[in-house]
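# Descriptive structure summary
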Amino acid sequence: MTDKQNNQEATMSKSLYERIGGEPAVNAAVELFYRKVLNDHRINRFFDNSDMDKQIAKQKAFFTMAFGGPNNYTGQDMRNAHAHLVKRGLDDSHFDAVMEHLSSTLVELNVPADLIAEAAAIAESARNDVLGR
Amino acid sequence: MVKLTIEENTYACQPDETVLDALLRQEVNVSYACKKGTCHSCMVRSLDTPPPEAAQSGLKNTLKKRNHFLACLCHPEQDMVIKLPDQSEFYTEGTVVVNDMLNRNTLLLIIAFKDAFEFNAGQFVNLQRADGLTRSYSIANTPQESNTLEFHIRRLPGGRFSEWLHDEIKVGDPIAVSEPRGHCFYLPERSEQGILLVGTGTGLAPLAGILTDALAHGHSGPIYLFHGSREAEDLYRIDEMRQLAEQHQNFLYIPCISGKHVPEGFTHGRVNEVALSTLADLKGWRVFLCGHPEMINQMKKMTFLKGASSADIYADAFLVTPF
Ligand SMILES: Cc1cc2nc3c(=O)[nH]c(=O)nc-3n(C[C@H](O)[C@H](O)[C@H](O)COP(=O)(O)OP(=O)(O)OC[C@H]3O[C@@H](n4cnc5c(N)ncnc54)[C@H](O)[C@@H]3O)c2cc1C
Ligand code: HEM
Ligand code: FES
């Protein structure tokens, strides 16, 4: 097998999480993303009264998930985690805002467009669970 | 319900209870101060099963391995056999050598030790009274200054520990001091980085230690210290800080008064608001926040939004123990 084939083989079998850069990539993304979220008056009320360090840890979980990385969340967990937000009016418009920030964060970090699309698709697949439908 | 066994006795732990609350309810004498996993004064050890992971968060790996855990964070998953700390294992005895007032409600307490006490400027310790009452206090000096620890203690009316320190402790008295704790300290790296120090009341204690340490290490970036309270009479070390600012061109001292009466030389406003309006961009800055828990929570968020990276934001909230 040539080196090129070898590389290709490796790329094919790696998860999006690994291809995007694993935990360091998540760490870089979380800060940018969370600043955008807190500055966005459409959605920042959902994040308001919370402990910053804990919130950052949770956003790390968000990115790990969006990148298809290792996590133990089920759809039911997503429902539970966001149920109190749905009660406070969380809807599609808020979900769309989060999707915007997800993409723009990854663009800022120079993540290739095809990988961004993959991450967006994974996040999109959580829409009904997050919105409790 | 699970059973907790200590020597010959067993105690019930209800589903919504922590090990600490269960033991206190059943009148077992365990020391504690914060009930939030910060002070580590409630550290105990499991003798049979590994404790739940969440009860070990923030402990050193060596302690984790030996099944030490924080009773205040532990919701047991099964019956446990527990060993309470042998107090002498964690506490060193010191002697009070200075006991003076810094202003109308803040005590300067200096404790001396026989041997060097290792710590980083800005960390805190737990002080313990003979009856086991324990509270956390920040260290205000740097390790370079002989075998002593300096503390600034504010009198809380009706506060059990602070009133005891203010009213009863005398020079020459012994006092038990824990190992140093906390991550709010200066590391001598990136010396051109800007440093923002914001404190209310005795929040100046750890900040003064951090400041002295940074200057001693030749930190060359700008260092801003904002110290605030309601009235000028509740600030302290004002002249010393002004003098330091004269000696070090990169150090700026901004005492803030939130109350109505603002003497010449002080800035009017809440310390957090003054700091934020003074510094427009905190990208790349290191931030230290000490004192009032609400101020700290708000400032963590605001300094982050102004560009400071969350890994560069250090904070010690002076939580008062909940009942
Ligand atoms: C990391 C950390 C660092 C700290 N550093 C410092 C420092 O450098 N300097 C400093 O001064 N403090 C510091 N603190 C705060 C300190 O640990 C104590 O919480 C503070 O001194 C109050 O303790 P106390 O025993 O005097 O008050 P407590 O007896 O614990 O009482 C707390 C409050 O409750 C009220 N109270 C007491 N009894 C009752 C009752 N029966 N019913 C209702 N209310 C009651 C009191 O009036 C008081 O306002 C720090 C705290 C932490 C967590
Ligand atoms: C795009 C799909 C989304 C995914 C994959 C996702 C994922 C997650 C995850 C994994 C957590 C941590 C749960 C925990 O451990 O407690 C979380 C928490 C949270 N999410 Fe989402 N999320 C999504 C959309 C949203 C949206 C649209 C909002 C609001 C605008 C939101 C607001 C929050 C908040 C506020 C928390 C913290 C809840 C708390 O502190 O209790 N999320 N999310
Ligand atoms: S860590 Fe448990 S009481 Fe402070």
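Everything numeric in this text was worked out from a predicted model, so none of it was measured. (Residues numbered from 1 in each chain as written. Chains lettered and ligands numbered in written order. Predicted model: local features only at pLDDT ≥ 70, side-chain atom pairs only at ≥ 80, totals over all residues. Heavy atoms only, no water.)

## Description of the sheet that holds strand β9 (residues 134-138) of chain B
Residues and elements named next belong to chain B.
- As summarised here, the arrangement of the 6 strands in space is β9-β8-β11-β6-β7-β10, forming an open sheet in which the pairing is antiparallel. Each edge of the open sheet carries a strand with a single partner, namely β9 and β10 (148-154). For this sheet, the mean inter-axis angle between neighbouring strands, taken without regard to orientation, is 40 degrees.
- In this sheet, β10 lies alongside strand β7 (residues 106-112) in antiparallel orientation, the contact comprising 7 bridges. Directly across from L108, in β10, lies its bridge partner H152.
- Each of β6 (91-103), β7, β8 (124-128), β9, β10 and β11 (174-178) touches helix α4 (residues 160-167); the most contacted strand, β9, lies at about 70 degrees to it. (Pairing = 2+ DSSP bridges. Helix = DSSP H or I, 4+ residues; strand = E, 2+ residues; numbered from the N terminus. Axes fitted to C-alpha atoms, helices over the stretch in contact; angles between N-to-C directions. Contact = heavy atoms within 4.5 Å.)

## Thoughts on the site of ligand 1
Residue and element names in this part refer to chain B.
- For ligand 1, the set of nearby residues contains 21 residues, the closest of which are S136, Y137, P157, F161 and S162.
- Residue R154 places a main-chain N or O atom 2.9 Å away from an oxygen atom belonging to ligand 1.
- In the model, an oxygen atom of ligand 1 is placed 2.8 Å from a nitrogen or oxygen of the R160 main chain.
- In isolation ligand 1 offers 970 Å² of accessible surface; the protein chains occlude 78% of this area. (Near = heavy atom within 4 Å. Polar contact = N/O pair within 3.5 Å; in protein donor to acceptor, adjacent residues only side chain to side chain. Areas by Shrake-Rupley, 256 points an atom, 1.4 Å probe, with all protein chains shown as cover.)

## Side note on the site of ligand 2
Residue and element names in this part refer to chain A.
- Inspection of the region around ligand 2 gives 20 residues, with Q55, K58, F62, Y73 and H82 positioned closest.
- The separation between an oxygen atom of ligand 2 and a polar side-chain atom of K58 is 3.2 Å.
- In the environment of ligand 2, a nitrogen atom lies 2.9 Å from a nitrogen or oxygen atom belonging to the side chain of H82.
- Mapped by element, the contributors of at least two residues to the shell around ligand 2 are α4 (52-66), α5 (75-87) and α6 (92-108).
- Taken together, the residues of the shell around ligand 2 sort by class into 15 nonpolar, 4 polar and 1 charged. (Nonpolar A, V, L, I, M, F, W, Y, C, P; charged D, E, K, R; others polar.)

## Some details on the domain arrangement of chain B
- Once the domains are mapped, chain B shows domain 1 (2-83), domain 2 (91-178) and domain 3 (195-317).
- Each of domain 1 of chain B and domain 3 of chain B was reduced to a C-alpha centroid, and the two centroids are 37 Å apart. (Domains from an automatic or database assignment.)

## Overview of the coordination of the iron atom of ligand 2
- Of all protein atoms, just one serves as a donor to the iron atom of ligand 2, and that atom is H82(A) (NE2), at 2.1 Å.
- Among the structural elements, H82(A) can be located in helix α5. (Donors = N, O, S within 2.8 Å, 3.2 Å for Na, K, Ca; no water.)

## Let's talk about helix α3 (residues 22-39) of chain A
- Along its 18 residues, α3(A) runs 26 Å from first to last C-alpha, staying within 8% of the 26 Å computed at 1.5 Å per residue.
- Looking at α3(A), one finds that the buried residues are G22(A), A25(A), V26(A), A29(A), V30(A), E31(A), F33(A), Y34(A), R35(A), K36(A), V37(A) and L38(A).
- Of the surrounding elements, those touching the buried residues of α3(A) are α2 (16-20), α4 and α6 of chain A together with α8 (293-305) of chain B. (Expected span 1.5 Å × (residues − 1). Buried < 20%, exposed > 50% of the residue type's maximum accessible area, 1.4 Å probe, protein only.)

## Some thoughts on the nonpolar core
- If you look at the biggest cluster of nonpolar residues, it comprises 57 residues, and the most contacted ones within it are Y34(A), F63(A), F67(A), L106(A), L196(B), V198(B) and F226(B).
- Looking at this core element by element, the count peaks at 8 residues for α3(A).
- In this view, V198(B) contacts L207(B), F226(B), V271(B), A275(B), F288(B), L289(B), C290(B), M295(B) and M299(B); residues no more than four positions away in its chain are not counted.
- One finds C42(B), L59(B), L70(B) and F90(B) within the second-largest nonpolar core, a separate group that totals 26 residues. (Core = buried A, V, L, I, M, F, W, Y, C linked by side-chain atoms within 4.5 Å.)

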